[in-house]
Amino acid sequence: MKKIKVLLVDDEPIIYIGIRSLLDWDRMNIELLTNARNGVEALDVIEKENPDIVMTDIKMPLMDGLELAEESKKRFGEFPLFIFLTNYDEFGYVRNALKLQAVDYLIKFEINEESLTHTLENAISLLEDRHKLLDGSPSLVESVDSSSQKNIFQRSLLTLFANKSSFKNTLHNLNLKLSYETYRVVFLKLKSFNSVDGLDKDISSHALSLLDENFEDYTIHHTVFSLDSDRHILVFF
């Protein structure tokens, strides 16, 4: 099976070394390319190596991550997909990442094996979906893009503001309106079953599907999104 090529772009060597050491890349069928230190170097690597996914820092010299994503889209089209690496104080940049149709983002100093694996698995799934859909209906491709942008915004609600004022500013910056009077949020943690490989993911997926079907039967307005295989957020409105 052809390996998924992932390019990491960051001007801090310690970030590359740290991310490289977190995963068994061969087991995930991923080829991690040599690190590029800025957007200019990254464009050269993209042209030569044709990576499937680019994980890039936002703030870099010469050409930052947002400029890189924009230029890459102009030169190379839909691929590669972009995942942004950010810090807590850079939410304004995440807003621009939404416009560039980034598939996800990671907060640099919170990256661990689980979060990195989850993000890459989601990106690979989106990559496969886009490859399948590009020859089909444009509306289906837009649906995939919308889903990835929704994921970025949902995660931003959990991690990138500290108080009510910051929350309101976030909504304003993203031009979003909360049209319902009340919202109820439920945090769901599923029990882990570690005895069988892959069982956790199947049980989690099945449980969420059952919840979804039951809520729809009673026309309960809701949305469900996952933090990882065990932890999930349900929002009722």
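Residues numbered from 1 in each chain as written. Predicted model: local features only at pLDDT ≥ 70, side-chain atom pairs only at ≥ 80, totals over all residues. Heavy atoms only, no water.

1. Topic: the overall build of the protein chain
Piece 1. Counting its regular elements, the protein chain contains eight helices and eight strands.
Piece 2. Intrachain contacts of the protein chain at a sequence separation of at least 6 include 65% that bridge at least 24 residues. (Helix = DSSP H or I, 4+ residues; strand = E, 2+ residues; numbered from the N terminus. Contact = heavy atoms within 4.5 Å.)

2. Some details on the pairing of strand β8 (residues 231-236)
Piece 1. Across the six residues that make up β8, a large majority, five, are buried.
Piece 2. Across six bridges, strand β6 (residues 184-189) lies against β8 in antiparallel orientation. Each residue of the ladder has a partner; that of Val-186, found in β8, is Leu-234. (Buried < 20%, exposed > 50% of the residue type's maximum accessible area, 1.4 Å probe, protein only. Pairing = 2+ DSSP bridges.)

3. Brief notes about the side chain of Ser-72
Piece 1. Among the secondary structure elements, Ser-72 is positioned in helix α3 (residues 65-76).
Piece 2. Other than its neighbours up to four places away in sequence, Ser-72 contacts Leu-43, Ile-46, Gly-77, Pro-80 and Phe-82.

4. Things to note about the pattern of salt bridges
Piece 1. With the rule as written, the count across this model stands at eight salt bridges.
Piece 2. Asp-26 is the partner of Lys-3 in a salt bridge, and the nearest nitrogen-oxygen pair spans 2.6 Å. Here Asp-26 lies in the loop between α1 (13-22) and β2 (30-32) and Lys-3 lies in the segment before β1 (4-9), a separation of 23 residues in the sequence.
Piece 3. Here Asp-26 falls in the exposed class, since its relative accessible area comes to 55%.
Piece 4. Among the salt bridges present, the one from Glu-71 reaches Arg-75, with a minimum N-O distance of 3.0 Å. Here Glu-71 pairs with Arg-75, and both are found in helix α3, just four residues apart, close to one helical turn. (Salt bridge = Lys/Arg side-chain N within 4 Å of Asp/Glu carboxyl O.)

5. What about the packing of aromatic side chains?
Piece 1. Under the counting rule described, the total for this entry stands at one aromatic pair.
Piece 2. Taking the centre distance of 6.2 Å and the plane angle of 25° together, the rings of Phe-82 and Phe-84 count as stacked. You'll find Phe-82 and Phe-84 in the same group, each marked buried. (Phe/Tyr/Trp six-rings, centres within 6.5 Å; stacked < 30°, edge-to-face > 60°.)

6. Points about the nonpolar core
Piece 1. Residues Ile-19, Met-55, Leu-116 and Leu-120 are the most contacted members of the largest nonpolar core, which totals 26 residues.
Piece 2. When residues of this core are traced back to their parent elements, those giving at least two are β1, α1, β2, β3 (53-57), β4 (81-86) and α5 (113-133).
Piece 3. Broken down by element, this core gets its largest block of residues, six residues, from α5.
Piece 4. Ala-42, Ile-46, Val-54 and Ala-102 belong to the second largest nonpolar core, which has 19 residues in total. (Core = buried A, V, L, I, M, F, W, Y, C linked by side-chain atoms within 4.5 Å.)

7. Remarks on the confidence of the model for the protein chain
Piece 1. The predicted model of the protein chain has a mean per-residue pLDDT of 76, with 64% of residues at 70 or higher.
Piece 2. For the protein chain, the element scoring lowest by mean pLDDT is helix α6 (residues 138-159), at 52; β1 scores highest, at 96.
Piece 3. Residue range residues 137-144 is modelled with pLDDT below 50. Its contacts to residues more than four positions away, or to other chains, number seven contacts. (pLDDT = per-residue confidence, 0-100.)

8. Structural notes on the sheet that holds β3
Piece 1. Pairing within the open sheet is parallel, and its five strands lie in the order β2-β1-β3-β4-β5. Looking at the sheet topology across the chains shown, the edges are occupied by β2 and β5 (104-107). On average, each strand axis in the sheet is tilted by 20° relative to the strand beside it, whichever way the strands run.
Piece 2. Summarising the sheet, β3 and β4 pair through five bridges and their orientation is parallel. Note that in β4 the partner of Val-54 across the bridge is Phe-82.
Piece 3. Against the sheet, α1 contacts β1, β2, β3 and β4, and its axis sits at roughly 150° relative to β1. (Axes fitted to C-alpha atoms, helices over the stretch in contact; angles between N-to-C directions.)

9. Side note on the packing of helix α2 (residues 39-49) against α3
Piece 1. At a minimum axis separation of 10 Å, α2 and α3 run at an interaxial angle of 30°. Considering the angle they form, α2 stands roughly parallel to α3. Two packed elements cross with a definite hand, and for α2 against α3 that hand is right-handed. Only Leu-68, Glu-71, Ser-72, Arg-75 and Phe-76 of α3 make contact with α2, whose side of the interface consists of Gly-39, Ala-42, Leu-43, Ile-46 and Glu-47.
Piece 2. Across the contact of α2 with α3, the residue classes break down as five nonpolar, two polar and three charged. (Parallel < 35°, antiparallel > 145°, perpendicular 65-115°, else oblique. Left-handed = near helix turned anticlockwise from the far one by under 90°. Nonpolar A, V, L, I, M, F, W, Y, C, P; charged D, E, K, R; others polar.)

10. A short note on α3
Piece 1. An ideal rise of 1.5 Å per residue puts 16 Å on twelve residues; α3 measures up with 16 Å between its terminal C-alpha atoms.
Piece 2. Among all positions of α3, only Gly-65, Leu-66, Leu-68, Ala-69 and Ser-72 are buried. Viewed along the axis of α3, the buried residues span an arc of 160°, placing them on a single side of the element.
Piece 3. Of the residues flanking the start of α3, the one acting as N-cap is Asp-64, its side-chain oxygen 3.1 Å from the backbone nitrogen of Leu-66.
Piece 4. Of the residues trailing α3, Gly-77 is marked for its positive phi of about 85°. (Expected span 1.5 Å × (residues − 1). Arc of directions from axis to C-beta. Polar contact = N/O pair within 3.5 Å; in protein donor to acceptor, adjacent residues only side chain to side chain.)

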